[in-house]
Amino acid sequence: MKRIAESTVRRLSMYLRYLEDLDTRGQQTASSDELAHLCGTTPAQVRKDLSFFGSFGKRGLGYPVHELTAHLREILGLEREWKVIIVGAGKIGAALANYRGFRQRGFTIVGVYDNDPKKVGQPWGEAIVRSMDELPRDVAREEASIAVLAIPSENAQAVVDLVVNAGVRAILNFAPAQITVPPHVSLKSVNMAMELEGLSFALTNGHDLSQGAA
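So, here is what we can say about the structure in this document.

Quick notes on the rules
- Residues numbered from 1 in each chain as written.
- Predicted model: local features only at pLDDT ≥ 70, side-chain atom pairs only at ≥ 80, totals over all residues.
- Heavy atoms only, no water.
- Helix = DSSP H or I, 4+ residues; strand = E, 2+ residues; numbered from the N terminus.
- Buried < 20%, exposed > 50% of the residue type's maximum accessible area, 1.4 Å probe, protein only.
- Contact = heavy atoms within 4.5 Å.
- Areas by Shrake-Rupley, 256 points an atom, 1.4 Å probe, with all protein chains shown as cover.
- Lys, Arg positive; Asp, Glu negative; His and termini not counted.
- Charge placed at Lys NZ, Arg CZ, Asp CG, Glu CD.
- Salt bridge = Lys/Arg side-chain N within 4 Å of Asp/Glu carboxyl O.
- Core = buried A, V, L, I, M, F, W, Y, C linked by side-chain atoms within 4.5 Å.

**Notes on the overall build of the protein**
Summing up its helical and strand segments, the protein has 9 helices and 9 strands in all. Each principal axis of the C-alpha atoms in the protein carries an extent, and together these give about 60 × 40 × 35 Å. Looking at the protein as a whole, 37% of its 214 residues qualify as buried. Long-range pairs, those at least 24 residues apart, make up 58% of the contacts in the protein between residues at least 6 apart in sequence. Just so you have it, the protein exposes about 12,900 Å², and 53% of that area is on carbon and sulfur atoms. A distance of 3 Å separates the average location of the 24 positive side-chain charges in the protein from that of its 24 negative side-chain charges.

**So, the pattern of salt bridges**
A side chain of one charge can pair with a side chain of the opposite charge when the charged atoms of the two come close. All told, the structure shown has 12 salt bridges when counted by the stated rule. We note a salt bridge from Glu6 to Lys188, for which the minimum N-O separation is 2.2 Å. Here Glu6 is found in helix H1 (residues 6-24), whereas its partner Lys188 is found in strand S9 (residues 186-189), with 182 residues between them in sequence. Overall, Glu6 belongs to the partly exposed group, its relative accessible area being 48%. What makes Lys188 partly exposed here is its relative accessible area of 34%. One connected set of salt bridges, linked through shared partners, spans Lys83, Arg130, Glu134, Arg137, Asp138, Arg141 and Glu142.

**Let's talk about the nonpolar core**
The biggest cluster of nonpolar side chains holds 22 residues, and the ones touching the most others in it are Ile85, Val87, Leu135, Leu149, Val163 and Ile171. Sorting the residues of this core by element identifies strand S3 (82-87), strand S4 (107-114), helix H7 (135-142), strand S7 (146-149) and helix H8 (156-166) as the ones contributing at least two each. For this core, the element with the most residues is H8, which contributes 6 residues. Those residues in contact with Ile171 that sit more than four places away from it in its chain are Ala147, Leu149, Val160, Val163, Val164, Val181, Val185, Ser186, Leu187 and Lys188.

Put into structure tokens, the structure is as follows:
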């Protein structure tokens, strides 16, 4: 399969959420026009995005909602459980540890870690905060694939190196820092200041940012 743009993957997630809602309400089919309207894109973009993965609908009839929902869950890898660790038992880490949507989408939090002795051993959501010293052993035992970093920027690269060496293959980084990972590890960074600046730009210039670039 050719390399798929991150913006396309984001739209697939949006399509899935709306299709799941339509499926719950018993709707049998959905057109590309309907999905485009719900997701803030164009019918041509919907058809292009889905065409990367096969042919799912029929001209004039639309897409079968239940079937396309199942296909998108498979494409996004949601038909299996993904084990996740959270590094950083601060406010962001607490919000993430208590977010029920993770488990609903197949992401199971199997450990929360911090280097603050006052936090180690304390309950954190459904988990108990563990020492960073335990992380490599726990990742191997639990076979955790994903790490979420909610830590200060000065510690980010050292923690990334630790989790990568422990066997983690994907990282969601909330630390405001430039970090590097080996080619076999997937990295996604969330810069909250940058996201707010994007909204500030939209408000200042009257732009609609709901339609992402292909």
